[in-house]
Amino acid sequence: MKITILVDNYATQLSSLSRRLLSEWGFAAYIHDHKILYDTGLTGTTLLNNMRALGINPNEPEYLVISHRHIDHTGGVKAFLNARSRSIKMIAHANLFTRAYAVGEGGKPEDISVDFTWEYLKNKGVDLILIKEPYKIANGVMVSGEIPRKWGPSHTGAVADEVPDDMALYMEHPNGLIVLTGCGHSGVENMVEYGFQVTGLNKLYAVIGGLHFMGLPDERVRQVTNYLVGKSPRIIVGTHCTGVLGIAALYNALPGGAFRLGGVGGAIFEL
């Protein structure tokens, strides 16, 4: 299984220079084997630039999965759809169009909701599937649906709501569960344990994506890293809102080379 990070806060490889890859605040990844685009980043400019630089035609994806409704994950939807000439199946949580807010400077709320409408998606030929329960895309590939918060706390940071729409992509691998996450607002323990519950697996192979360590107290970061160490994963890639200090914490805590560096383009994982 091949996964490429297309949008991330960071460009971590020197090859980003020769490929002219861009980075921005946000996240997107592509699962090549199943032709799934997971999130679209903030603007669409970075997504499309990096897709083309890495030889991924915008018409190639057959599924667009939205991890949650915040603009740094949905802001590229319109640019991506405008670059395509065929329809696509889009899977998102049922409250995709509910307004979302973050706490800005001085405590003032800032709107970080999607910038498109259902009518726009219909006009683009999008087959929109809104879910709350787990949704199977293919054998061994499932969108989590709404993730219960019963194994650990949420990671909401400066977001003004509990982000019930935070959805992971679960993939079954011979070596265990793969969890792909946009921001991890539902909390790492909840994402992983719910993945075990709905897939029937009991071993963690990989977690890739944003874990929203930014803004968390040091003790909470230690709790999460200790939890992950206890699961003995083969691969952990903290991107986007994991933050540089969170990435450093994972690097220092994880044994046996389990930590892998993220970043646009260079982070191509053969799982």
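Throughout what follows, the structure given in this document is the object of discussion. (Residues numbered from 1 in each chain as written. Predicted model: local features only at pLDDT ≥ 70, side-chain atom pairs only at ≥ 80, totals over all residues. Heavy atoms only, no water.)

**Some details on a nonpolar patch on the surface**
Then, number 1: A cluster of nonpolar side chains, contributed by Trp-25, Leu-42 and Met-214, occupies part of the molecular surface with about 260 Å² of accessible area.
Then, number 2: Summarising the element assignment, Met-214 is placed in the loop between strand S13 (204-210) and helix H7 (218-231). (Patch = residues over 30% accessible without salt bridge, like charges linked within 9 Å, V, L, I, M, F, W, Y side chains within 5 Å. Areas by Shrake-Rupley, 256 points an atom, 1.4 Å probe, with all protein chains shown as cover. Salt bridge = Lys/Arg side-chain N within 4 Å of Asp/Glu carboxyl O. Helix = DSSP H or I, 4+ residues; strand = E, 2+ residues; numbered from the N terminus.)

**Overview of the environment of Gly-106**
Then, number 1: Its location among the elements puts Gly-106 in the loop between strand S6 (101-103) and strand S7 (109-111).
Then, number 2: Residues Gly-106 and Pro-174, 68 residues apart in the sequence, show an inter-C-alpha distance of 49 Å.

**So, the packing of aromatic side chains**
Then, number 1: One pass over the structure, following the stated rule, counts 5 aromatic pairs.
Then, number 2: For the ring pair Phe-97 and Trp-118, a centre distance of 6.0 Å and an interplane angle of 15 degrees mean the geometry is stacked. Of this pair, Phe-97 sits in the loop between strand S5 (89-93) and S6 while Trp-118 is found in helix H5 (residues 118-123), placing the two residues 21 residues apart along the sequence.
Then, number 3: Classification of Phe-97 as partly exposed rests on a relative accessible area of 26%.
Then, number 4: Judged by its relative accessible area of 43%, Trp-118 is partly exposed.
Then, number 5: Arranged with centres 6.5 Å apart and planes meeting at 40 degrees, the rings of Trp-151 and Tyr-194 form a pair that is tilted. A residue pair is termed long-range when its members are at least 10 positions apart, and Trp-151 in the loop between strand S10 (141-143) and strand S11 (169-173) and Tyr-194 in helix H6 (residues 188-199) qualify at 43 residues.
Then, number 6: Looking at Trp-151, the relative accessible area reads 31%, which means it is partly exposed.
Then, number 7: One aromatic cluster is present, formed by Phe-97, Phe-116 and Trp-118 through successive ring pairs. (Phe/Tyr/Trp six-rings, centres within 6.5 Å; stacked < 30°, edge-to-face > 60°. Buried < 20%, exposed > 50% of the residue type's maximum accessible area, 1.4 Å probe, protein only.)

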